[in-house]
Amino acid sequence: MRFNPKARLDTSRVRDGGGGGASGGPMRIPLPGGTKAGGGIGAVLIVILFLILQQCAGGGLPSPGGGTSSGTDTSRMQDTERYDNCKTGDDANTDVDCARVAVENSLVDYWADTLPSQSDTQFSPASMTTFSGAVPTGCGQASSQVGPFYCPPDQGIYLDTTFFADVLEGQLGGQGGDFVEPYVLAHEYGHHVQNLMGTMGRVRTQQGADSDAVRLELQADCYAGMWTAHAEDSELITLDPADIEEALDSAKAVGDDRIQQKSGQGVDPEGWTHGSSEQRMAWFTRGYEEGSLEACDTFSASDL
Ligand SMILES: [Zn+2]
């Protein structure tokens, strides 16, 4: 992945909350077991599942401020200067933080064009917040252990960037590479698009190979594929075949069957919330090849 060195970057929607989270210190979500043992993976994913279920239920976690559902307490969070030096594509080529900004800019460009042209939904961008330790969000206080996630009430994507090396490559055995994070960001952006389109309200069944939760997640992978195909041809980003392989390998690493195996459980489709490795790769590829919201209609698919 390379960026056009002359491109100007827009850091206005990307911020870093630093370490520790809100005043009062980090609140860790209690987890049974450590994060290195096999059971830890299961525990991490249970928390991810918990957050996603809360989000899909439409309410989000209770806001500490107790405000309206669109309110957020992230204004209490300090913003570090992590992204202040990200000015151009040249910066993105030499600095992974600036590469994150460039990917965000590309996602915004793509969906600002695509969403109104392929649907009757108007686009508005998500915010993107990096942190370490813990962070206050419109879905409540989140710790690094939940992994990257999208919070519908404040339309924000949150990620602790240590997730990629520690969990995705470390615990789940992904091969890594510079396109792993763009795939994950594009997946989370897919959830933002679903939120704008009202798709999250269609989720009734939360678990199982055929569940609406799995359909929602596979659709986010499909949307990630749509953006990837665009990025490949865009003025801002140049991709090579290895990048596509990295996206597919990441989709494989976060498949429910793979995670169940890695955490020492047997494979049990009844417990799935995101879809199998094979399904996640297949829907990413479908979005990549077809490039349309219609092709990503997992809710109408009889066979996932
Ligand atoms: Zn997801």
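Preceding this paragraph is the structure being described.
Residues numbered from 1 in each chain as written. Predicted model: local features only at pLDDT ≥ 70, side-chain atom pairs only at ≥ 80, totals over all residues. Heavy atoms only, no water.

Engineer: Can you lay out the overall build of the chain for me, pointing to particular residues and giving the numbers?
Structural biologist: For the chain, the count of helices and strands is nine helices and eight strands. Of all intrachain contacts in the chain linking residues separated by at least 6 positions in sequence, the fraction that spans at least 24 positions is 74%. Surface exposure of the chain reaches about 12600 Å², of which carbon and sulfur atoms provide 48%. (Helix = DSSP H or I, 4+ residues; strand = E, 2+ residues; numbered from the N terminus. Contact = heavy atoms within 4.5 Å. Areas by Shrake-Rupley, 256 points an atom, 1.4 Å probe, with all protein chains shown as cover.)

Engineer: Pulling in residues and values, what's your account of the coordination of the zinc ion?
Structural biologist: Every protein donor of the zinc ion is listed here as His187 (NE2), His191 (NE2) and Glu217 (OE), and their distances to the metal cover 2.0 to 2.1 Å. When the donors of the zinc ion are listed by position in the chain, the intervening gaps give H-x3-H-x25-E. Taken together, the residues His191 in helix H5 (residues 180-197) and Glu217 in helix H6 (residues 212-232) connect sequence positions 26 residues apart. For His191, a relative accessible area of 7% translates into the label buried. By relative accessible area, Glu217 is classed as buried at 1%. (Donors = N, O, S within 2.8 Å, 3.2 Å for Na, K, Ca; no water. Buried < 20%, exposed > 50% of the residue type's maximum accessible area, 1.4 Å probe, protein only.)

Engineer: Could you give an account of the pattern of salt bridges, with specific residues and numbers?
Structural biologist: For the structure on display, the rule yields eight salt bridges. One salt bridge in this structure joins Arg82 and Asp16, with 2.9 Å as the shortest N-O distance. One end of the pair, Arg82, is in the loop between helix H1 (38-56) and helix H2 (89-94); the other, Asp16, is in strand S2 (residues 14-19), and 66 residues separate them in sequence. Using a relative accessible area of 28% as the deciding quantity, one classes Arg82 as partly exposed. (Salt bridge = Lys/Arg side-chain N within 4 Å of Asp/Glu carboxyl O.)

Engineer: For helix H7 (residues 241-253), give the residues involved together with the corresponding values.
Structural biologist: For an α-helix, 3.6 residues make a turn, and residues three or four places apart therefore share a direction. Look at H7: 19 Å from first C-alpha to last across 13 residues, which is about the 18 Å you get at 1.5 Å a residue. Of all the residues in H7, the buried ones are Asp243, Ile244, Glu246, Ala247, Leu248, Asp249, Ser250, Ala251 and Ala253. Structurally, H7 contributes buried residues whose contacts are with helix H4 (162-171), H5, H6, strand S8 (237-238), helix H8 (256-262) and helix H9 (277-290). The opening residue of H7 is Asp240, an N-cap whose side-chain oxygen sits 3.0 Å from the backbone nitrogen of Ala242. (Expected span 1.5 Å × (residues − 1). Polar contact = N/O pair within 3.5 Å; in protein donor to acceptor, adjacent residues only side chain to side chain.)

Engineer: A description of the packing of aromatic side chains should follow, citing residues and the corresponding values.
Structural biologist: Under the criterion given, the structure shown has eight aromatic pairs. Considering the side-chain rings of Tyr110 and Trp111, the 4.9 Å spacing of their centres and the 70° angle between planes classify their relative orientation as edge-to-face. Trp111 matches Tyr110 in its accessibility class, with the two residues each being buried. Pairing Phe163 with Phe164 gives two aromatic rings, centres 5.5 Å apart and planes at 80°, and the pair type is edge-to-face. Overall, the relative accessible area of 11% leaves Phe163 in the buried class. (Phe/Tyr/Trp six-rings, centres within 6.5 Å; stacked < 30°, edge-to-face > 60°.)

Engineer: Talk me through H4; I want residue IDs and the actual numbers.
Structural biologist: By the burial criterion, the buried members of H4 are Phe163, Phe164, Val167, Leu168 and Gln171. Taken around the axis of H4, the buried residues stretch over an arc of 150°, which confines them to a single face. Backbone geometry just downstream of H4 places Gly173 in the positive-phi region, at approximately 75°. (Arc of directions from axis to C-beta.)

Engineer: Outline the environment of Pro182, listing residues and values.
Structural biologist: Within the fold, Pro182 resides in helix H5. For Pro182, a relative accessible area of 3% gives the class buried. Pro182 sits 80 residues away from Ala102 along the chain, and the two C-alpha atoms are 9.8 Å apart. When near neighbours in sequence (up to four residues on either side) are disregarded, Pro182 contacts Met1, Val103 and Trp227.

Engineer: Summarise the pairing of strand S3 (residues 127-132); cite the residues concerned and give the values.
Structural biologist: Inspection of the sheet shows S2 paired to S3 by four bridges, in the parallel sense. When the bridges of S3 are listed, Val14 appears paired with Met128. In this sheet, strand S7 (residues 156-159) lies alongside S3 in parallel orientation, the contact comprising four bridges. Looking at the pairing, Thr130 lines up with Leu159 of S7. (Pairing = 2+ DSSP bridges.)

Engineer: Lay out the environment of Thr94 in plain terms, naming residues and giving numbers.
Structural biologist: Locating Thr94 in the fold gives a position in helix H2. Each C-alpha atom, one on Thr94 and one on Arg2, is 9.7 Å from the other, the two residues being 92 residues apart in sequence.

Engineer: Tell me about the state of the cysteines, and please be specific about residues and values.
Structural biologist: Here the structure, examined in full by the defined rule, presents three disulfides. Across the disulfide, Cys86 is cross-linked to Cys98 (sulfur-sulfur distance 2.1 Å). Disulfide Cys86 to Cys98: torsion about the S-S bond roughly -80°, handedness left-handed. Highlighted residues: Cys86 in the loop between H1 and H2 and Cys98 in helix H3 (residues 96-118), separated in sequence by twelve residues. Of the two residues, Cys86 and Cys98, both sit in the buried class. The disulfide that involves Cys139 links it to Cys151, with 2.1 Å between the sulfurs. Note on the Cys139 and Cys151 pair: the S-S dihedral is about 100°, so by sign convention the disulfide is right-handed. (Disulfide = S-S within 2.5 Å.)

Remember, this is a structural readout, not a statement about activity or role.
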